[in-house]
Amino acid sequence: VFQKWVNREISNFDYLIQLNTMAGRTYNDLAQYPVLYWILRDYTSEELDLNNPAVFRDLSKPIGVVNEKNAKTVKEKYENFEDPLGMIDKFHYGTHYSNAAGVMHYLIRVEPFTTLHIQLQSGRFDCADRQFHSIPATWQALMDNPNDVKELIPEFFYFPEFLENQNGFNLGQLQMSKEVVNDVVLPKWAHSPEDFIYKHRKALESEYVSAHLHEWIDLIFGYKQRGPAAVEALNVFYYCTYEGAVDLDALTDEKERKALEGMINNFGQTPCQL
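Just so you know, these numbers come straight off a predicted model, no measurement behind them.

## Examining the nonpolar core
Item 1. Residues I135 and F156 are the most contacted members of the largest nonpolar core, which totals 76 residues.
Item 2. Those elements that provide at least two residues to this core are α2 (12-22), α3 (68-80), α4 (100-106), α6 (135-144), α7 (193-204), α8 (207-220) and α10 (254-267).
Item 3. Here F156 is in contact with Y106, F132, I135, F162, F196, I197 and H200, once residues within four sequence places are set aside.
Item 4. Counting residues in each nonpolar core, the second largest holds six residues, with I108, F125, L171 and L174 among its members.

Dropping the structure here:
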């Protein structure tokens with residue numbers, strides 16, 4: 001696969017999907033859903049200039065510290081963390097870049113994810129302010145909050161329908177602006193959901209991303225995923241999210257095992273290291 005990608009026989013998108021599959025990610029498991037990434041940081045310009053490196057996110061950094069301002073907070077959290085029982089290793093992020101709730105968050109307008117979201121929220125939609133209602137606002141929230149580290153799902157690159165409230169769900173209204181949550185608000189440079197997907201996919205296949213793709217792959221699937229390289233890259237997640245971190249079969253206490261299983265399913269999982 002790597003050779004094919006290097007020879008440009010397969011696209012960046014196909015390469016990333018194949019890496020996800022090799023690392024055990026699948027569309028059939030919300031806790032292990034394929035993960036793609038935020039590639040742009042310009043969601044406000046009238047035109048998107050893919051020849052300008054400044055419109056792209058820094059792919060060598062985890063999403064939690066793409067905004068330099070957050071790096072200090074994240075570092076301090078890691079350095080000051082101590083588990084009195086000595087069981088939990090230090091970590092930079094208590095949440096994960098990919099988990100079941102995050103997938104449902106993005107796909108809330110499309111079944112079966114709508115129903116799954118409602119089940120997760122005890123039979124109703126979550127409050128409007130927490131819904132996925134705007135791409136520029138979602139990016140801004142990531143930049144402002146080091147605890148929000150959601151990356152993207154593959155649908156952002158091929159499925160315009162998930163950005164439209166075609167089923168007319170009543171998703172409520174925002175508290176401050178009283179704006180009704182309906183179709184997802186797009187960046188200014190996108191004139192329709194189809195246009196967003198077209199330009200976003202073009203950005204993914206651009207020269208800049210092709211040249212820097214390996215940096216993000218190192219963080220998610222490669223050597224910066226764990227160990228000293230992960231610490232240095234500010235890329236350490238809660239211990240439960242790593243493969244092999246917990247031996248569930250060794251737990252004799254049924255309650256404890258169920259609790260841990262639930263945690264692993266809800267917290268998100270780091271892909272197998274490739």
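## Concerning the packing of aromatic side chains
Item 1. Enumeration according to the criterion identifies 26 aromatic pairs in this entry.
Item 2. Ring centres 6.4 Å apart and planes at 15° place the aromatic pair F132 and F162 in the stacked group. In this pair, F132 is assigned in the loop between α5 (113-120) and α6 and F162 in the loop between α6 and α7, connecting sequence segments 30 residues apart. As far as burial versus exposure is concerned, F132 and F162 are alike and both buried.
Item 3. A connected cluster of aromatic rings, assembled from ring pairs, spans W38, Y43, Y106, F132, W139, F156, F159, F162, W189 and F196.
Item 4. The ring of F13 has R201 sitting right over it, with the charged end atom 4.2 Å from the ring centre.

Calculation rules
Residues numbered from 1 in each chain as written. Predicted model: local features only at pLDDT ≥ 70, side-chain atom pairs only at ≥ 80, totals over all residues. Heavy atoms only, no water. Core = buried A, V, L, I, M, F, W, Y, C linked by side-chain atoms within 4.5 Å. Buried < 20%, exposed > 50% of the residue type's maximum accessible area, 1.4 Å probe, protein only. Helix = DSSP H or I, 4+ residues; strand = E, 2+ residues; numbered from the N terminus. Contact = heavy atoms within 4.5 Å. Phe/Tyr/Trp six-rings, centres within 6.5 Å; stacked < 30°, edge-to-face > 60°. Lys NZ or Arg CZ within 6 Å of the ring centre and 35° of its normal.

Distances and angles like these do not, on their own, reveal function.
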